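Here is what each chain is made of, one letter per residue.
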Amino acid sequence: MKYNFNDIEKKWQDYWAKNETFKASNNSDKPKYYVLDMFPYPSGAGLHVGHPLGYIASDIYARYKRHKGFNVLHPQGYDSFGLPAEQYAIQTGQHPVVTTEANIKTYRRQLDQIGFSFDWSREVRTSNPEYYKWTQWIFIQLFESWYNYDSNKAENIDTLIKMFEAEGNTNVNAACDDDINPFTAEEWSAFSETEKQNILLKYRLTYLAETEVNWCPALGTVLANDEIVNGVSERGGHPVIRKKMTQWSMRISAYAERLLQGLDTIDWTDALKDIQKNWIGKSVGASVTFNVIPNDAVTSSAVEKSQIEVFTTRPDTIFGVSFMTLAPEHELVTQITTDEQKAEVEAYIEATAKRSERDRMADVKTISGVFTGAYAEHPFTKEPIPIWIGDYVLASYGTGAVMAVPCGDQRDYDFAKHFNIPIPNIFEGVDISEEAFASKDNVKITNSDFLNGMNYKKATKRAIFELEQIGQGEGKTNYRLRDAVFSRQRYWGEPFPVYYKDGMPQMIDEKHLPLTLPEVEKYLPTEEGEPPLGRADVWAWDTNTNSVVSNDLVAEALEATKSDTSRTSVSDDGIYPLELNTMPGWAGSSWYFFRYMEEQANRDEAFATEDALKYWENVDLYIGGSEHATGHLLYSRFWVKFLYDRGFVGVDEPFKKLINQGMILGTSAYAYKIHCFIAAKNEEDTSEKRWSTEGEGFISIDFLEKVLDVDKFVYNGNEFFSHGFVDNLEKRLSYLMEVLDMPENIQEMIIKKEETLIMTAVSVPVIVDYVNSSDELDVQAFKNWRPESKNMKFYTLPNKNFKLVRTVEKMSKSKYNVVNPDDIVEDYGADSLRLYEMFLGPLEQYKPWNTAGITGVHGFLKKLWKLFHTGENGAFYVDSSPLGKSEGAEALKTLHKTIKKVEEDIENFSFNTSVSTFMIAVNELTAQKCTSKEILEPLLVLVSPYAPHIAEELWEQLGHTESISTAPFPKFEEKHLVERSKNYPISFNGKMRFTLELPLDMSKDEIEKTVLAHEKTQEQLQGRIPKKVIVVPGKIVNIVG
RNA sequence: GCAGGAAUGGCGAAAUGGUAAACGCACUCGAUUUAGAAUCGAGAAAUUGGGAGUUCGAAUCUCUCUUCCUGUACCA
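To start, this report covers the structure provided alongside it. (Residues numbered from 1 in each chain as written. Chains lettered and ligands numbered in written order. Predicted model: local features only at pLDDT ≥ 70, side-chain atom pairs only at ≥ 80, totals over all residues.)

### As for the packing of helix H27 (residues 830-839) against helix H28 (residues 854-867)
Contact geometry for H27 and H28: axes closest at 9 Å, N-to-C directions at 125°. The angle between the axes of H27 and H28 places the two elements in the oblique class. Crossing of H27 over H28 shows right-handed handedness. In contact with Asp-831, Ser-832, Leu-835, Tyr-836 and Phe-839 of H27, H28 contributes Ile-854, Val-857, His-858 and Leu-861. By residue class, the composition of the contact of H27 with H28 is six nonpolar, two polar and one charged. (Axes fitted to C-alpha atoms, helices over the stretch in contact; angles between N-to-C directions. Helix = DSSP H or I, 4+ residues; strand = E, 2+ residues; numbered from the N terminus. Parallel < 35°, antiparallel > 145°, perpendicular 65-115°, else oblique. Left-handed = near helix turned anticlockwise from the far one by under 90°. Contact = placed C-beta atoms within 7 Å. Nonpolar A, V, L, I, M, F, W, Y, C, P; charged D, E, K, R; others polar.)

### Some remarks on the nonpolar core
By size, the foremost hydrophobic cluster in this structure holds 169 residues, and its most contacted members are Leu-940 and Val-943. Both domains that furnish three or more residues to this core are identified here as domain 1 (19-139 + 586-660) and domain 4 (821-968). Not counting residues up to four positions away in its chain, the partners in contact with Val-943 are Leu-864, Phe-918 and Ala-951. The next biggest cluster of nonpolar side chains, apart from the first, holds 47 residues, and it includes Val-288, Leu-326, Tyr-348 and Ala-404. (Core = buried A, V, L, I, M, F, W, Y, C linked by C-beta atoms within 7 Å. Buried ≥ 20, exposed ≤ 12 C-beta atoms within 10 Å, placed from the backbone. Domains from an automatic or database assignment.)

### Looking at helix H26 (residues 821-828)
For H26, the complete set of buried residues consists of Pro-821, Ile-824, Val-825 and Tyr-828. The arc that holds the buried residues of H26, viewed along the axis, is 100°, so those residues lie on one side. Tucked into the core, H26 has its buried residues touching helix H2 (52-67), helix H4 (96-112), H27 and H28. One or two steps after H26, the chain reaches Gly-829, where phi turns positive at roughly 100°. (Arc of directions from axis to C-beta.)

### Here we look at the protein's contact with RNA strand B
Neighbouring RNA strand B are 61 residues; Gly-398, Gly-841, Gly-856, Pro-985 and Gly-990 lie closest to it. Counting residues per element, the surface near RNA strand B draws most heavily on helix H30 (residues 911-927), at six residues. Counted by class, the surface near RNA strand B contains 22 nonpolar, 26 polar and 13 charged residues. (Near = placed C-beta within 6 Å.)

### Here we look at the sheet that holds strand S5 (residues 174-175)
One open sheet holds the three strands; their spatial order is S4-S3-S5, and the pairing between them is antiparallel. This sheet does not close on itself; its edge strands, each paired only once, are strand S4 (153-156) and S5. The pairing of strand S3 (residues 145-148) with S5 spans two bridges and is antiparallel. The partner of Asn-148 across the bridge, within S5, is Ala-174. (Pairing = 2+ DSSP bridges.)

So this is what it looks like as structure tokens:
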């Protein structure tokens, strides 16, 4: 019987689907375990071999946990809202629903054929209305909430309103906008409804605000900070500019501290935690207020009371302040600038505004700034401090102003040097003539009044205390984390459940959700620049019927209220325009892990029932790419903490353990297209001396290396060209003659150095399928693919094949290095693909794919199969009789060391090493001619998580009628590994010289005696007397001397 | 600049203080075959990026330098 993997795999995939083998239950006596993959965006290109890497790892773990007796939830779904489907819709006019559905079909087929143990009954798709109904619902909950720093959690907005009614807002300690004016309880009750709503909006966890956003004109939408890479859009690489727009924002900054603290409670890699820590960017310091000194030369009237608030992490260096710098955008700049400096300052502001964010980022070295003519007063010395503006100070961080301490901060130092501002030194015994002293350690403060002689820690404490005493500062903590813009000017996203009454946003009642996407005839923004939803004709909310109605009705309603300027009377007929923006991609992905917990049947009543949430809690193991570190993974944590605060879920972290799988890279192949010719020394000379190869040809890389006589030649840009070529030409002329058909007289001229031979080469990517494992090109296939090369020459070394250069890079269509798992599954089977992906190397690492290597693991599966088919003509045969003591010992040893290693490996997510372990086990058992059921049966369970199809098939052949998937994991027994003796390595000064077989129960002294007495030891020592003998029983003997 | 990670044959890698290089690919030779593929057997090949230290003993721990990768960037 042959190992017919295609039939076997189909058979068991059908079996699993039919029997719902991997359906998880919400009621079970077993302990629960939740294994989750980051769900895919179903793109049109389908999967390549890099995509399933993480899925295979998580599947192995999920299957392992089932063997270990856990009730495993291992679901899968689709992040099906997103840009590519919409871009495709814009180009073709096809509705994204249609393309998304088609793409999902492809994904499902590809996933199914790899044999994943997903519970598909719990599938989610973020673009399904039954799903995004609950995304909209969560949005409404955020709108109805505010963050109370006193209770340190989100609360219903009603508790805030109660506080306003009772005592106004002065004692409210909330996460809110900066521009809050204080009011009393009386004032609050006197406000109009619109005014009240306006104020509440400044406190809500999602709020409308005019924000400076990253606008991408090419994509017609705003982008989040994490969607921009090097100043251009992550998708498509389009330029991004700053633009002010009214947008929904999420007050994630309220959670900055908890997002930071929470990292300590979860099992993520330090690398990933560091990325989030840096992104949150906590800095502890103080806020200090500087009074601006009134100046007659300032025309502006406000200057009398002007104060500049700064944030500093080094309040201990306050006596080192010799100037202040404001961001050019700082609101105070125009007020304090003296008439004399006005022209210069305005010119500078204009110049900075013109520079794009990208320019400012690229150019961090140029120092620029302008003096405003104004001075501030030092809070302690009362000395005047000049106020400058400079674009090294960012308007968006802190207060947009800094107290410059040039002796302690390199940027301040550079600025001071550049503009000849004094640099007072406040560090005892430190030389600051060359650069600033930015370290906090091992230094004492001097020239600083009451701070003299103190270290950083003490001085900081004292400085803050003194600032508080004079009312000009306090301790403060700043975060880099900004609120997240939540609006997108796109069609293919969740509609906001929001309509506008008198310009104020109103939530649609949750019982009328979902608010589904309207039909539009085109997916582009409108001519007026409104988002695509602006094209919908039926996109207004009728509060009478609670339904979406035609826009025409809004026009009528507005007409009716137009004359009423206060807009407070209810003369309209209750029909209002709906929000035109949609939600960003991260909305649906920030809570999907809860949706899986609920079975399809109960999903109408809640996003997940309380029972389901309580049972599954959160994700025990999450596997996905590290590129989501500051996007999905941060936003999910934020939403979960919010849902936790409001009592909707019982956990405040979504993912207990997280592993980032590395990327599988493609191995591209390049052929060099060359052209050889002889250039005349004189450009104008076009006489018969000139010669060239007939058109272009391709040159084999080994030939090229030989001709150029270098191991590795430098290839820059599109061509190379070797002058040194001529010098060594004689040696290699034979090769050249053979291939270039060069006339003898030309050869002579080159040898005599009358002419220079020039070779140009262009590298052309080749479809990797045409290249064999020895990097040789199938020339015929290549010619068929590239018809223009049909008549070109392919230069190779004599009797050699055409060789190519290979480079490792990301898989991409344009490089022709994409490997489709479908082909691998067809040629080698899913089990081989699964094993090979794991075998390539550690899960977290980036590693190149090389299809040739798969024969190794495929060969292993065949050997495994053979182990069970040792009967006549390869018939199935295993020996069910009990193992004899003597012949069984060896096999048991093999089995149990395999159990031990594989179990350890899976627990440590070291899947590559267990594949090696399987290979060793099968090689050993084959050599032992083992046919015992007692050995082979448990071996199958070990292999089953990795190669489930072959395991199921052999399991069935062993006579089992139930799937192997819940068979208990074999128990490791130490006794089978116990050895009587040990082949001790005998080292001399740490270097192993020979080995010696000694009983393991031999005592330390005896070992020493035996070893020293051995003739080989004497030979090594050559009469010397050992200074020391180290004996580690069971490990090693080391003789020093 | 800052933060994190990495460097072991031709390639992917194993070994986390105790015999360095397991396992696989590729390579060479042999058997089988009309040939190729497949299969089986045999073989050649790496002193752990450089330097120093700790230790009886270091790929592994410490310091330092070099190179590469990832993230982040005027964050006060």
